[in-house]
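# Commentary on secondary and tertiary structure
Chain residues, written in single-letter form:
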Amino acid sequence: MQQSTAGQVLLLDARGTVWQGSARLMLAGGIGSSDAAELQGRVRWTLRAALGGLRAQIAADCCTSDPVVLHYRPAWRGGEVRFGDNTSQWPLALLAGLGTPWNTVQPQGAVHLSTRGLSVEWVAGRIAIGGQARMDVLGASSRLSTLRPMGSYRITLNGGSTSTLQLDTLEGRLQLKGSGQWVGSRLRFAGEASAAPEHEAALSNLLNIIGRRSGPRSIITLG
């Protein structure tokens, strides 16, 4: 795990075997970085052979009421992962362990993640997504702003012939919006962040970090 993720995902105090075991999960900034954040409790897994591939169950003491179930099927020059329908809750602060820019933003809040019929297939460098995943970021805050919380947000991934990503603000003084789609294996996303005039000074540092400033707005582009 450490080698395949360039030292950013670490399994500590691992017990058991590759087929069934548990460990403490840590996210880190990679080789040479001092940034790290550990998930509370342990992560437990069960892996077994299934028809045409592998079936995995993953559970985290802190964050899953039911295990996350994945089915992996290898294919020529690619493969497919299918996710069982699931809901879970994760601490946003864990991202700070990945280093820049998360160690500067120092996000706080809760992430509610749900999947419905989600599948990811990759063949010869191209990605096809099916189903839906939704991530609600609730009560988000950052050390770059005195506003606590800044707001709550929803990120929706919809699969299909053209897979799309939508960012919306549920409520808050920091307004985020944007949309994107996958082209081949790359995500192309365009969005913006803005603040109400009375909160612009308190959010100015964050707006400078998350995108390119254009007056009261911050323009966000990926891909």
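Higher on the page you've got the structure.
Everything in this summary refers to the structure shown in the same document. Starting afresh in each chain, residues are numbered from 1 along the sequence in its written order. Totals for whole chains, interfaces and linings use every residue, but because this is a predicted model, local features are given only for residues with pLDDT of at least 70 and side-chain atom pairs only at 80 or more, for both listing and counting. Water and hydrogen atoms were dropped before computing side-chain values, which therefore reflect all heavy atoms in the structure.

### Describing the overall build of the protein chain
By definition, any uninterrupted DSSP run of H or I lasting at least four residues is a helix, any uninterrupted run of E lasting at least two residues is a strand, and each is numbered from the N terminus. The number of helices and strands found in the protein chain is two helices and 16 strands. Atoms considered for the radius of gyration are the C-alpha atoms alone. The globule rule reads 2.2 Å times the number of residues to the power 0.38. For 223 residues, the compact-globule estimate of 2.2 N^0.38 gives 17 Å, and the protein chain sits close to it at 19 Å. C-alpha extents for the protein chain along the principal axes are approximately 60 × 40 × 35 Å. Going through the 223 residues of the protein chain one by one, you find that 37% of them count as buried. Considering only contacts in the protein chain between residues 6 or more positions apart, those separated by 24 or more positions represent 38%. Here the protein chain displays about 12400 Å² of accessible surface, and carbon together with sulfur accounts for 54% of that area. Here the protein chain contributes 22 positively and 14 negatively charged side chains, and the mean placements of these two sets differ by 5 Å. Throughout, exposure labels follow a simple rule: accessible area from a 1.4 Å probe, protein chains only, divided by the maximum for the residue type, with under 20% read as buried, over 50% as exposed, and the rest as partly exposed. Contacts between residues were defined by any pair of non-hydrogen atoms, one from each residue, lying within 4.5 Å. Here the accessible surface of atoms and residues is derived via Shrake-Rupley with a 1.4 Å probe, and residues count as covered only by protein chains that are part of the display. In this count, Lys and Arg are taken as positive residues and Asp and Glu as negative ones, while His and the chain termini are left out. Charge positions are represented by NZ for Lys, CZ for Arg, CG for Asp and CD for Glu.

### Concerning the nonpolar core
In this text, buried Ala, Val, Leu, Ile, Met, Phe, Trp, Tyr and Cys residues form a nonpolar core when linked through side-chain atoms within 4.5 Å. In this structure, Met150, Tyr153, Leu174 and Leu203 are the most contacted members of the largest nonpolar core, which totals 24 residues. Of all the secondary structure elements, the ones that give two or more residues to this core are strand 9 (108-123), strand 10 (126-141), strand 11 (151-158), strand 12 (164-172), strand 13 (174-183), strand 14 (186-195) and helix 2 (200-210). The contact partners of tyrosine 153, leaving out residues within four places of it in the chain, are Met135, Asp136, Val137, Ala140, Leu167, Asp168, Thr169, Leu170, Leu174 and Leu176. Within the second largest apolar cluster, eight residues are counted, among which are Leu25, Leu39, Val43 and Leu94.

### So, a nonpolar patch on the surface
Each patch groups residues whose relative accessible area exceeds 30% and which form no salt bridge, using 9 Å between like charges and 5 Å between nonpolar side chains of Val, Leu, Ile, Met, Phe, Trp and Tyr. The term salt bridge refers to a side-chain nitrogen of Lys or Arg lying within 4 Å of a carboxyl oxygen of Asp or Glu. A grouping of Val18, Trp19, Leu54, Tyr72, Trp122 and Ile127 is seen on the molecular surface, where their side chains present a nonpolar patch of about 530 Å² in accessible area. Secondary-structure assignment places tyrosine 72 in strand 6 (residues 68-75).

### Section: the packing of aromatic side chains
Planes of paired rings set the category: under 30 degrees apart is stacked, over 60 is edge-to-face and the rest tilted, where pairs are Phe, Tyr or Trp rings (Trp by its six-membered ring) whose centres lie within 6.5 Å. Across all of its chains, the model carries one aromatic pair by this definition. An angle of 20° between the planes, with centres 6.4 Å apart, marks the rings of tyrosine 72 and tryptophan 122 as stacked. A residue pair is termed long-range when its members are at least 10 positions apart, and tyrosine 72 in strand 6 and tryptophan 122 in strand 9 qualify at 50 residues. On the basis of relative accessible area, tryptophan 122 is assigned to the partly exposed category, the value being 32%.

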